[in-house]
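Fold and contact review
Single-letter residue listing:
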Amino acid sequence: MALADGSIFYGYGFGATGVTTAELCFNTAMTGYQEIMTDPSYAGQIVTFTFPHIGNTGVNPEDDETADPVAAGMVVKWDPTQPSNWRATETLSDWLAKRGRIAIGGLDTRRLTRAIRQQGAPHVALAHDPDGNFDTDALVEQARAFPGLEGLDLALDVTCSQSYRWDEMRWAWPDGYPRQTAPKHKVVAIDFGAKRNILRCLASAGCDVTVLPATATAAEVLAHEPDGVFLSNGPGDPAATGAYAVPMIKGVLEAGKPMFGICLGHQMLALALGAKTIKMNHGHHGANHPVKDNETGKVEITSMNHGFAVDSQTLPKGVIETHISLFDGSNCGIRMEDRPVFSVQHHPEASPGPQDSFYLFERFAASMAG
Ligand SMILES: NC(=O)CC[C@H](N)C(=O)O
């Protein structure tokens, strides 16, 4: 693997062969490598995992967050061993190879993570050649040629091509939350790169979900006569995605519909309300991020995956900052003062991750109840 600063890391290649370029980010989650690799928000990124035992539970068809891996590649501490899990149907290595994703093992991923924290997320070229023929100068040039995520709209690459209905529920819903309920609220979900488990959580909270492509206009959304509109997670720079999504969100706001956004959806809502987003140094990618609910004082441990953030200094009047990160104080949630319109930066669907924030799905369902 070559970094744009000229440093070279050697390891053991697995998965597909070839070269891929991307931004390198780290993820500190101890579980859920398959969900992470198939999260569409990781388009344009290679993930380095700080947890050392990656691949040990193999891969299975149920845990995909979308049809195929979307992250451009993976970097791990060990060469993955044989899977040991009753749900595994394939090894991580074969799964990656069949789906054209390159991986490298044998790197000190915690050292790499410290470097990313200090220098920011680097641009890299990841190469796998079983014969070991690497032109390292050329790889460094390829890493330098990667344009970076700033200004990139990647939602168009991962959104659905046409609308569809979603009725599958979560197979496990934690105690203290409603059991799966019959659909009561008609929801249009805008797919900027939606994770399946978010759609399952909406269905489990009683939403009858119709998913529309990222480019849907306000008129197309409102034609479904929804009780509420959901804005999904997704990859890339929110400011670049805003060209078509912001006018749609403004139109839906004018119609007075309840709205809920997660991650990219949160950033898009903030942009539509007049705030700005910024690129973070190394972002937040993990499953143990403490977030404070400013209104109740309660702390939630959350799952996160974002490299951009809403600049809370730019929130207009009438928009309240509801959640903040206890790691760095960055914005993690907003709501409109006078309407059931709210969004969060973290991932309440917890796939993977802790389930503290599930209440947000219920809050959305409750906002449509009246
Ligand atoms: N998970 C997401 O939706 C990520 C949002 C956005 N692409 C970011 O990196 O901040």
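No experiment lies behind these values; they were computed from the predicted model shown.

**Quick notes on the overall build of the protein chain**
Within the protein chain, the regular secondary structure consists of 10 helices and 17 strands. For 370 residues, the compact-globule formula gives about 21 Å, and the C-alpha radius of gyration of the protein chain, at 20 Å, lands near that figure. Principal-axis analysis of the C-alpha atoms places the extent of the protein chain at approximately 65 × 45 × 40 Å. Classification of the 370 residues of the protein chain by burial places 57% in the buried group. In the protein chain, once contacts between residues fewer than 6 apart in sequence are set aside, the share between residues at least 24 apart is 76%. For the protein chain, the accessible surface area stands at approximately 15,000 Å², while carbon and sulfur atoms represent 49% of it. Where the 28 positive side-chain charges of the protein chain centre and where its 42 negative ones centre are 5 Å apart.

**Quick look at empty space enclosed by the protein**
Under the definition given, this model contains 3 cavities of 30 Å³ or more. In this structure, the largest cavity encloses a volume near 140 Å³. Around the largest cavity, the lining comprises 16 residues; the ones closest to its centre are S41, G234, G236, H306 and G307. Only α9 (264-272) and β14 (299-311) provide two or more residues apiece to the lining of the largest cavity. Among the residues making up the lining of the largest cavity, the classes are represented as 7 nonpolar, 9 polar and no charged. Taken domain by domain, the lining of the largest cavity gets at least three of its residues from each of domain 1 (2-145) and domain 2 (155-367). Empty space within the second largest cavity amounts to approximately 80 Å³. Taken together, 14 residues line the second largest cavity, and the ones lying closest to its centre are I36, S303, M304, N305 and P352. Counting only elements with at least two residues in the lining of the second largest cavity, the list comes to α1 (33-37) and β14. For the lining of the second largest cavity, the element with the most residues is β14, which contributes 3 residues. Residue classes in the lining of the second largest cavity are distributed as 5 nonpolar, 6 polar and 3 charged.

**Quick look at the UniProt feature "active site" (unreviewed entry) in the protein chain**
Per the UniProt record, the feature "active site" (unreviewed entry) sits at C263, H347 and E349. Considering the C-alpha atoms alone, the annotated residues occupy 87 residues of sequence yet fold into one spot, their largest mutual distance being 11.3 Å. Set against the largest cavity, the annotated residues that line it come down to C263. As for its placement among the helices and strands, H347 is situated in the loop between β17 (341-344) and α10 (359-367). Mapped onto the elements of the fold, E349 is located in the loop between β17 and α10. Once residues lying within four places of it in the same chain are set aside, the contact partners of E349 are R170, K195, N197, I198, C201, I262, F358 and F361.

**Topic: the UniProt feature "binding site: L-glutamine" (unreviewed entry) in the protein chain**
The sites that carry the UniProt feature "binding site: L-glutamine" (unreviewed entry) are, in the present numbering, S41, G234, G236, L264, Q267, N305, G307 and F308. A maximum C-alpha distance of 12.9 Å places the annotated residues, which cover 268 residues in sequence, within one compact spot. Those annotated residues from the list above that line the largest cavity are S41, G234, G236, L264, Q267, N305, G307 and F308. Mapping S41 onto the fold places it in the loop between α1 and β4 (45-49).

**A short note on the nonpolar core**
Side chains of nonpolar character tend, in soluble globular proteins, to be buried together. Counting 33 residues, the largest nonpolar core has I190, F192, V221, L231, I249 and M259 as the members making the most contacts within it. With residues near it in sequence (within four places) discarded, V221 still touches V188, I190, L212, A216, P226, V229, M248 and V252. Counting residues in each nonpolar core, the second largest holds 26 residues, with A203, C263, V344 and F361 among its members.

**Some words on the sheet that holds β14**
A sheet is described by the order of its strands in space; here 10 strands give the open sequence β8-β10-β9-β11-β12-β17-β16-β15-β13-β14, paired in mixed fashion. Both outer strands of the open sheet, β8 (164-166) and β14, are each paired with one neighbouring strand and no more. Here the strands of the sheet are splayed against their neighbours by 25 degrees on average, with no regard to which way each runs.

**Focus on the sheet that holds strand β6 (residues 102-105)**
Strand pairing in a sheet takes place through backbone hydrogen bonds and is either antiparallel or parallel in direction. Sheet architecture is open: 7 strands sit in the order β1-β7-β3-β4-β5-β6-β2, paired in mixed fashion. Here the strands that pair on one side only, and so sit at the sheet edges, are β1 (2-3) and β2 (12-15). The pairing of β1 with strand β7 (residues 123-128) spans 2 bridges and is antiparallel. What sits directly across from A2, in β7, is A125. Across the sheet, helix α3 (residues 109-119) lies against β3 (18-27), β4 and β5 (73-75), angled at about 75 degrees from β3, the strand it touches most. Across the sheet, helix α4 (residues 136-145) lies against β1, β3 and β7, angled at about 135 degrees from β7, the strand it touches most.

Calculation notes
Residues numbered from 1 in each chain as written. Predicted model: local features only at pLDDT ≥ 70, side-chain atom pairs only at ≥ 80, totals over all residues. Heavy atoms only, no water. Helix = DSSP H or I, 4+ residues; strand = E, 2+ residues; numbered from the N terminus. Rg over C-alpha atoms; globule rule 2.2 N^0.38 Å. Buried < 20%, exposed > 50% of the residue type's maximum accessible area, 1.4 Å probe, protein only. Contact = heavy atoms within 4.5 Å. Areas by Shrake-Rupley, 256 points an atom, 1.4 Å probe, with all protein chains shown as cover. Lys, Arg positive; Asp, Glu negative; His and termini not counted. Charge placed at Lys NZ, Arg CZ, Asp CG, Glu CD. 1 Å grid on protein atoms, 1.4 Å probe; cavity = no way out; pocket = protein on both sides within 12 Å on 5 of 7 lines; lining within 4 Å. Points joined across faces, edges and corners; volume = space filled by probe spheres on them. Nonpolar A, V, L, I, M, F, W, Y, C, P; charged D, E, K, R; others polar. Domains from an automatic or database assignment. UniProt positions renumbered as here; feature names shortened; annotations may be inferred. Core = buried A, V, L, I, M, F, W, Y, C linked by side-chain atoms within 4.5 Å. Pairing = 2+ DSSP bridges. Axes fitted to C-alpha atoms, helices over the stretch in contact; angles between N-to-C directions.

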